[in-house]
Structure formats: C-alpha cells, structure tokens
There are 2 protein chains.
Amino acid sequence: MDLYFSPLAGSLAARIALYEAGAEARFIEVDPNTKRTPDGSNYAAINPLGLVPLLRLDDGSLLSENAAVLQYIANRFPESNLAPTDELGRARLQQWLSFIGTELHQRLFCVLRDEAAPEGTRTHTLMKSEPRLTYLNDHLSDREFLLDHFTVADAYLYAVLNWSVATRVSFSRCPAIKEYHRRLRIRPSVARAFQEELFLYRAKPAAHCAA
Amino acid sequence: MDLYFSPLAGSLAARIALYEAGAEARFIEVDPNTKRTPDGSNYAAINPLGLVPLLRLDDGSLLSENAAVLQYIANRFPESNLAPTDELGRARLQQWLSFIGTELHQRLFCVLRDEAAPEGTRTHTLMKSEPRLTYLNDHLSDREFLLDHFTVADAYLYAVLNWSVATRVSFSRCPAIKEYHRRLRIRPSVARAFQEELFLYRAKPAAHCAA
C-alpha cells in the first residue's frame, strides 16, 4: 500500500492510522506547491485535483478523501480496532468523519489557510465556526475520544486541530478541545507521525492545506 | 424512523434514499429560519447545530451528517442496493460521499448561499471550484451514475446540484454534469421527492442551506 502525503496535511491522519495498525506502507511525499513527488513525477497526472491523502491499494487502484482512506485502513487491519464494526457504531464514526471533513477541515481551516481569500473572510469564518467548535467542545467535555475508544476519527481530528497553530485559532473558550489535543499529542503513534512530518515540513516550509 | 428535513436542503437526499428503499418513515419539517418544527418545538434542543438531515432511529438515538445518514439507510434496506457491500465498492462510495460533502456542498454551494459572506467571495469560490467541477464532469462523461448503479451518493449529488439554480452556477462547461442532473431528475424516486419538497419550499421560501 502506498500513501501519497504532504507533511502535516490532512494525510497525517492516514499515517497515524497506519502506525496504529503496525501496517507496512510506502509513504510518497507530494510537494504541495510544485505537486511533484521526490522522483520528479507530476502528481496531477495521478490525482487530477492534486489533493492528499491518496492511497494506492495493492491492486493498483487509487482511493482519495480522508473519510474513505481512513475507513479503508481500519477495515484492512481489523485487529487494531480503529473503527467500530457494529452498525450504529460505524454510523457514529461516519458522522464524526463527515463533521470533521465538512465543518472543520473544509469550512474552517481550509478557508483560513487560503491566502487569496477576500478581505473579511477570516472574521466571517471564525464567527460562523464558533457554534461548531462549541458543539465539539461539549461533546469532548466528558470523553477521552470521539467514540468510546481511539478510532480513525480521532486521527483525523488531531490532524485538523494541528492547523490551529498556523491559523491562529484559539481554543481558549474550548478547554475540552485543547485538553483533547494535548492528550492525543503524546499518544505514541501520533507523536511519532507528527515528529516525522514536522521534520519534513520544516525542511520545505509551504502552505499546506490539502484534503 | 424519523427524518428531520428542510425543503430542498441536503436532507432531500435522505428522502430520495427512503423512497428508493420503499421505507416507512416520518418526515418532520424544520423551518430553516426559525428552527421550529410544525408542533412548535425548538429544533436546536434536538440538534444544537440546527442542521438537517437528522435521523431519529427506532431506538431513539440521533444520527446526523449526510454521509452517515445515507449509509445508514442503505445498510438498513440492503435489498434496495443503494450501496456496494464489497470492500472496495464501499470505499469508493465513501470517497464520493466525502467529495460531495466537502468540495461541493460545503466549499461551493454553502459559501455561495451565504448572503453575509464578504464581497468577492462569489468570484473567488467559483474560481477555486472550477477544477472540482471539471473533475466531476470528466468522471461522469462516460457513466450513468457515480458508481456502476444508482447509490445514495447519486441521491446526495442530485440534491446538491439542485442548488445550482438558486446560486446561478452554470454547468455550460460541464455538459456531463448537466446531462447527469437531467437524467436523475426523471427517476421516479427523485421526481417524487423533488416535487413534494418543492411544494413545501414554495409554501415557505427562505434561504435553505443546511447540512
């Protein structure tokens, strides 16, 4: 299995999931600016949208979008218990993956990281996102994880919350989110994935906000 | 099963899926402005974010987010074949549900329907969305549906593409999307769901863009 990633992009979640599963995978870096891989290949020829993560499965087929990639990894390594298998539990996982993807990743952080966005966008976006952050904070206030144990939704949420630093989003009014982020940061799979990608990110700083 | 919906919002997709499945369900309208249901209840007390769709399952638990709601309906009525059951097919379905939710619903149409968005947002958003629409158009150019048969992802895509009228998004450079939308419109479950919600929408016109 190959994972196309950019350092500290949304694809960090898939790396965390693979580490949790102890899975063998090849990690192929995509430069978010030039859209080139280390061997000089044009990533746009592989994924026309240029977004990461992208998973190349063992049969050669390609899978994109965090929600799909993360559930695929969880299904592929069931012994790691990265996703509930009962009907309602799986539905709940999908609910959180979708919430993170639409309300946080896309609506909040991708907009804040878009340097070409019209003036006023930042204030407007933060205002619109406030109820979403409050909702998440309330949910996390008496829970260690989004569901009753660590799942791929936590990997995704962690990767997205990391962008709060670069985008100067404060969680001062969301102490449960802040505490959750701090807890996850020291989880071995998360710490390892973050440190490795931070190293790569610093080697080539750029605007990283791919899917 | 109860479906909380607003006329012609994203929840139209769940209604289509329920009609496809021939499922018994109670449809509870949420006024997108007042957030009240017909009996005067405050919907925010049920769903703090005020978004639709929301499914109340037979055990009373609540499920939100289109990707989760639609897959739940598909799983609950397997004989309607609204979702692939093989691993790769299901992953592909999740990929499209996520693409529609993040790139089209959230990034394109919700932004265009936001009347309070800063000046310049429309032009910027349309420019950023162009590669996404081209990608979708290319995918649909030789296919009847997103996958090899009608699935809940088509129900979702149809519901989202409907907003192109209100937001004046032209598909003149995306003939395959235009043709796909036209084909789906005459599918019996789709035509029935659309006509019923159009009737309700016209009875109470408002800005409808909920999840």
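Quick note: structure is the one above.
Residues numbered from 1 in each chain as written. Chains lettered and ligands numbered in written order. Predicted model: local features only at pLDDT ≥ 70, side-chain atom pairs only at ≥ 80, totals over all residues. Heavy atoms only, no water.

## Overview of the interface of chain B and chain A
Inference 1: Chain B puts 42 residues into the contact, and the matching count from chain A is 42 residues.
Inference 2: Of the roughly 3300 Å² buried between chain B and chain A on both sides combined, carbon and sulfur atoms contribute 57%.
Inference 3: Put simply, chain B and chain A have two salt bridges between them.
Inference 4: Across the pair K128(A) and D114(B) runs a salt bridge, and its minimum N-O distance is 3.6 Å.
Inference 5: Elements with a minimum of two residues in the side of chain B that touches chain A: strand 4 (62-64), helix 2 (66-76), helix 3 (87-112) and helix 4 (121-140) of chain B.
Inference 6: Looking at which element gives the most residues to the side of chain B that touches chain A, the answer is helix 3 of chain B, with 13 residues. (Contact = heavy atoms within 4.5 Å. Buried area = accessible area lost by both parts, 1.4 Å probe. Salt bridge = Lys/Arg side-chain N within 4 Å of Asp/Glu carboxyl O. Helix = DSSP H or I, 4+ residues; strand = E, 2+ residues; numbered from the N terminus.)

## A look at the sheet that holds strand 3 (residues 54-56) of chain B
Residues and elements named next belong to chain B.
Inference 1: The four strands are arranged 2-1-3-4 in an open sheet whose pairing can be described as mixed. Strands at the two margins of the open sheet, each flanked by one partner only, are strand 2 (26-29) and strand 4. Going from strand to strand, the sheet's axes swing by 25° on average, the running direction of each strand aside.
Inference 2: Both strand 1 (residues 2-5) and strand 2 contribute to a ladder of four bridges, which runs parallel. (Pairing = 2+ DSSP bridges. Axes fitted to C-alpha atoms, helices over the stretch in contact; angles between N-to-C directions.)

## A look at the environment of L88(A)
Inference 1: Relative to the helices and strands, L88(A) resides in helix 3 (residues 87-112).
Inference 2: The sequence separation of L88(A) and D154(A) amounts to 66 residues, and the corresponding C-alpha distance is 18 Å.
Inference 3: Residues contacting L88(A), with those up to four places away along its chain left out, are L57(B), D59(B) and S61(B).

## A closer look at the environment of T102(B)
Inference 1: Tracing the chain through its elements places T102(B) in helix 3.
Inference 2: Other than its neighbours up to four places away in sequence, T102(B) contacts E65(A), G101(A), T102(A), Q106(A) and R107(B).
Inference 3: At 2.8 Å, the side chain of T102(B) and the backbone oxygen of S98(B) are in polar contact. (Polar contact = N/O pair within 3.5 Å; in protein donor to acceptor, adjacent residues only side chain to side chain.)

## Let's talk about the sheet that holds strand 2 (residues 26-29) of chain A
Residues and elements named next belong to chain A.
Inference 1: Ordered by their spatial adjacency, four strands build an open sheet running 2-1-3-4, and the pairing between neighbours is mixed. In this open sheet, the two edge strands, each paired with only one partner strand, are strand 2 and strand 4 (62-64). With direction set aside, neighbouring strand axes in the sheet form an average angle of 25°.
Inference 2: In terms of strand pairing, strand 1 (residues 2-5) meets strand 3 (residues 54-56) through three bridges, oriented antiparallel. Following the sheet pairing, L3 is matched in strand 3 by L55.
Inference 3: Each of strand 3 and strand 4 touches helix 2 (residues 66-76); the most contacted strand, strand 4, lies at about 120° to it.

## Brief notes about helix 3 of chain A
Residues and elements named next belong to chain A.
Inference 1: Its 26 residues place the ends of helix 3 35 Å apart at the C-alpha level, agreeing with the 38 Å of an ideal helix rising 1.5 Å per residue.
Inference 2: Of all the bends found along helix 3, the most pronounced is centred on H105 and spans about 40°.
Inference 3: A large share of helix 3 lies buried, amounting to 22 of its 26 residues. (Expected span 1.5 Å × (residues − 1). Bend = angle between axes of the 7 residues up to and from the residue. Buried < 20%, exposed > 50% of the residue type's maximum accessible area, 1.4 Å probe, protein only.)

## Some thoughts on the pattern of salt bridges
Inference 1: Summed over all chains, the structure comprises 26 salt bridges over all chains.
Inference 2: In this structure, E197(A) and R15(A) form a salt bridge, with 2.6 Å as the shortest nitrogen-oxygen distance. Residue E197(A) is found in helix 8 (residues 188-203), and its partner R15(A) is found in helix 1 (residues 12-21); the two are separated by 182 residues along the sequence.
Inference 3: By relative accessible area, E197(A) is classed as buried at 0%.
Inference 4: The class for R15(A) is buried, based on a relative accessible area of 4%.
Inference 5: In this structure, R143(B) and D142(B) form a salt bridge, with 3.3 Å as the shortest nitrogen-oxygen distance.
Inference 6: Connected through salt bridges with shared partners, the residues R15(A), R192(A), E196(A) and E197(A) form a single ionic network.

## Brief notes about the side chain of R90(B)
Residue and element names in this part refer to chain B.
Inference 1: On the secondary structure map, R90 appears in helix 3.
Inference 2: Here R90 sits buried without a salt bridge, and the closest side chain of opposite charge, D86, lies 7.8 Å off (N-O distance).
Inference 3: Looking at R90, its side chain comes within polar contact range of the side chain of Q71, at 3.2 Å.
Inference 4: Setting aside chain neighbours within four positions, we find R90 in contact with Q71, N75, A83 and P84. (Lys, Arg positive; Asp, Glu negative; His and termini not counted.)

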